[in-house]
Amino acid sequence: MPARRWAVATVAVACGVAPAAHAAAFRIPPGSVGEVVAALGVQARITIAVTDVELASRRSPGVRGEMSVREALAQALQGTGAEAVFYDAATARIVRKPPPAPPTRPPPPPGPAAPADLGEIVVTASKQTMLLDRYPGSATIIDFAADRLARDARQGTAAITETLPTLSATNLGRGRNKLYVRGVSDSSFNGPSPATVGQYLGDVRLNYSAPDPDLNLYDLARVEVLAGPQGTLYGASSLGGIVRLVPNAPETTAISATASAGVSTTHLGGIGRDAAAMLNLPLAGGRSAARLVIYGTRDAGYIDDPSRDLRDINAGRSVGGRLAWRIDDLDGWQVDVGGVLQNVSSDDGQYTLRGAPPLTRASTLAQPFRSEYRLGHLTARRAAWSGELLSTTSVVEHDLATVFDATGADGAPRRFQESNDILLVSHETRLSGGDTRTPWVAGLAGVYSVNRLTRTLGPPDAPEQIAGVLNRQIEVAVFGQVSRRIGSRLTATAGGAADRRRDHGPSARRRRGTGGRVQRAGAAHPHGRRELAHPPLPVGVRAVPAGVPRRRLRGRTRRLQ
């Protein structure tokens with residue numbers, strides 16, 4: 001139960017339906033359209049959908065008074081340029097109002113006017129100069145307004161999932177969630193197998209077989225989400241899609257700084273607080289620059305434990321920072337060196353038991369969680385062969401520790417702890433070129449991942465180790481993709497990848513390697529300015545342990561966006 005709820009996806013309540021014409025008393029304070037209609041949908045027990053991200057962020061005056069649901073929605077949307085469309089008595093959608101009819105009087109004589117420059121949006125997660133309206137797939141780019149980023153950056157990935165209906169999480173708690181894109185996942189639990197959603201900070205891989213590190217979003221330029229499969233360019237851990245966080249780069253021209261601080265309250269819970277700051281410093285006479293971001297957050301708890309006479313037991317903390325150092329011209333190379341440090345912890349689990357009073361749980365022991373995430377990366381790029389040559393290497397250390405109350409029927413306290421120490425080394429070198437009509441990319445990538453899992457069980461003061469597992473995974477791949485605009489309304493894309501992977505686990509000292517091929521072919525056809533039809537044909541093989549049958553997956557899709 002976060003302190004604020006901003007729902008842009010569908011809000012549904014399954015405990016009954018209130019007719020749209022039924023009068024009720026509403027007291028919903030002003031906020032964004034997404035927040036207000038979410039609260040209204042819960043109170044009125046109807047389903048309200050807002051799929052337009054920009055529309056959901058507009059300011060709503062709120063709702064106050066006794067009125068029908070239709071009247072309440074009209075009041076909530078007053079002055080927002082939006083209106084409610086009812087499909088039935090219990091289902092509505094918030095859309096933009098149609099533009100006003102043109103005036104009947106003759107227009108004035110045309111005068112000279114400069115053409116509007118709308119700019120070109122490049123999907124940088126495609127690793128090419130691929131324009132958004134020509135991208136042969138489903139891509140969403142979220143540009144954060146400065147005020148919203150200062151307000152919601154502390155939420156981490158939750159700020160993105162609340163904005164984007166296609167991206168969701170398991171909600172196990174900050175630092176331990178698993179992400180889904182369009183519901184594609186192998187399970188709701190984390191394990192040594194590759195994740196189904198790849199996460200990146202710029203060109204740097206954040207994880208491989210670990211939960212979402214849930215980085216603070218302060219000082220980000222934008223977020224790019226690509227629906228999967230993306231195995232051609234990103235490998236095995238991208239079956240569901242890609243989430244790419246794009247931070248603001250160090251600026252060599254001027255000193256700049258920003259700061260943000262806030263206090264929040266949680267209904268039936270405690271008080272939370274957060275703070276963040278950024279400092280940008282040009283160095284070496286403008287030939288390099290450093291950018292430092294630091295932040296800290298305390299999330300209020302909202303679950304009580306009467307058996308231990310404790311309130312708000314599931315409070316959490318997050319503290320960390322990012323450092324980036326850019327050298328603009330090092331013998332023709334632009335070099336970026338950086339690091340990320342973030343520690344996340346919670347005092348107790350954020351779950352309750354069925355049959356217990358709301359927001360109440362009785363347990364013998366506290367069940368804390370801890371996540372320590374450390375990342376170091378080096379990226380170098382330069383112009384080469386009429387294109388760009390980029391090489392990036394990163395090292396991640398991610399240590400996780402989770403405690404569970406394993407007290408049995410005899411009442412003797414027993415503590416179960418699972419610790420997962422992860423080492424991830426990743427590298428990618430690629431060459432991209434062409435223009436917006438014919439972009440192309442080719443490269444090679446490698447991943448080395450080690451998961452050391454230990455478990456202990458016993459009395460809280462003397463637990464004993466009961467299991468230990470070491471999993472090592474090595475994956476190497478070569479890939480390529482090219483697109484070609486055919487005429488003014490059609491773009492064809494073709495690509496492929498070949499990979500080799502070895503798994504070393506407890507079942508075999510040296511497990512047989514697995515290999516696979518991923519091909520992609522498709523065509524993008526833009527209809528006007530807001531629709532895109534693309535029938536891709538992705539074919540791929542996901543790596544599986546030795547001895548398990550592998551099945552080739554084929555699919556055809558057609559999507560209007």
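Up top is the structure.
What you see is a predicted model, and the numbers here were worked out from it, not measured in a lab.

Participant: Please give an account of the overall build of the protein chain that cites residues and values.
Facilitator: Check the secondary structure of the protein chain and you find 6 helices and 29 strands. The long-range fraction of contacts in the protein chain, counting pairs at least 24 apart against all pairs at least 6 apart in sequence, stands at 61%. Carbon and sulfur atoms form 57% of the exposed surface of the protein chain, whose accessible area is close to 27,800 Å².

Participant: With reference to specific residues and values, describe the pattern of salt bridges.
Facilitator: Taken as a whole and judged by the stated rule, the model has 23 salt bridges. The salt bridge involving Arg244 is made with Asp203; its shortest N-O contact spans 3.6 Å. Residue Arg244 is located in strand S14 (residues 241-247), and its partner Asp203 is located in the loop between strand S11 (197-201) and strand S12 (204-205); the two are separated by 41 residues in the primary sequence. The residues Arg244 and Asp203 share a single accessibility class, namely buried. Salt-bridge contacts for Asp347 lead to Arg317; the nearest nitrogen and oxygen are separated by 2.3 Å. Of this pair, Asp347 sits in the loop between strand S19 (333-346) and strand S20 (369-384) while Arg317 is found in strand S18 (residues 316-330), placing the two residues 30 residues apart along the sequence. By relative accessible area, which is 33% here, Arg317 ends up partly exposed. Ionic contacts of the salt-bridge type, sharing partners, join the residues Asp203, Arg222, Glu224, Arg244, Arg381, Glu388, Glu428 and Arg430 into one network.

Participant: Outline the packing of helix H1 (residues 33-44) against helix H3 (residues 69-76), listing residues and values.
Facilitator: Look at H1 against H3: their axes get within 11 Å of each other, and the N-to-C directions meet at 170°. On the basis of their axis angle, the class for H1 and H3 is roughly antiparallel. Handedness of the crossing formed by H1 with H3: right-handed. Taken together, the residues of H3 that come into contact with H1 (itself represented by Val36, Val37, Leu40 and Ala44) are Val69, Ala72, Leu73 and Ala76. Broken down by class, the residue content of the contact of H1 with H3 amounts to 8 nonpolar, no polar and no charged.

Participant: Outline the side chain of Thr163, listing residues and values.
Facilitator: Within the secondary structure, Thr163 is located in the loop between helix H5 (157-161) and strand S9 (167-169). In terms of polar contacts, Thr163 uses its side chain to reach the backbone carbonyl oxygen of Ala159, at 2.8 Å.

Participant: Describe the nonpolar core, with residues and values.
Facilitator: Counting 33 residues, the largest nonpolar core has Ile160, Leu217, Val223, Leu245 and Leu375 as the members making the most contacts within it. Listing elements by their share of this core, those giving two or more residues are H5, strand S10 (179-181), S11, strand S13 (220-227), S14, strand S16 (271-283), strand S17 (288-299) and S20. Here this core takes 4 residues from S13, the largest share from any one element. One finds Val33, Ala72, Ala76 and Phe86 within the second-largest nonpolar core, a separate group that totals 23 residues.

Participant: Break down the environment of Leu167 for me, with residues and values.
Facilitator: Mapped onto the elements, Leu167 comes out in strand S9. Not counting residues up to four positions away in its chain, the partners in contact with Leu167 are Ile160, Thr161, Leu179, Tyr180, Val181 and Val243.

Participant: For the sheet that holds strand S6 (residues 82-88), give the residues involved together with the corresponding values.
Facilitator: An order of S3-S7-S6 is seen for the 3 strands of this open sheet, with the pairing classed as mixed. The sheet is open, and its two edges are formed by strand S3 (47-49) and S6, each paired on a single side. Pairwise comparison of adjacent strand axes, ignoring direction, gives a mean angle of 25° for this sheet. As defined by bridge partners, S6 adjoins strand S7 (residues 91-96) across 6 bridges and the pair is classed as antiparallel. Of the residues in S7, the one forming a bridge with Glu83 is Val95. Here H3 sits on the sheet in contact with S3, S6 and S7, set at roughly 155° to S6.

Parameters and conventions
- Residues numbered from 1 in each chain as written.
- Predicted model: local features only at pLDDT ≥ 70, side-chain atom pairs only at ≥ 80, totals over all residues.
- Heavy atoms only, no water.
- Helix = DSSP H or I, 4+ residues; strand = E, 2+ residues; numbered from the N terminus.
- Contact = heavy atoms within 4.5 Å.
- Areas by Shrake-Rupley, 256 points an atom, 1.4 Å probe, with all protein chains shown as cover.
- Salt bridge = Lys/Arg side-chain N within 4 Å of Asp/Glu carboxyl O.
- Buried < 20%, exposed > 50% of the residue type's maximum accessible area, 1.4 Å probe, protein only.
- Axes fitted to C-alpha atoms, helices over the stretch in contact; angles between N-to-C directions.
- Parallel < 35°, antiparallel > 145°, perpendicular 65-115°, else oblique.
- Left-handed = near helix turned anticlockwise from the far one by under 90°.
- Nonpolar A, V, L, I, M, F, W, Y, C, P; charged D, E, K, R; others polar.
- Polar contact = N/O pair within 3.5 Å; in protein donor to acceptor, adjacent residues only side chain to side chain.
- Core = buried A, V, L, I, M, F, W, Y, C linked by side-chain atoms within 4.5 Å.
- Pairing = 2+ DSSP bridges.

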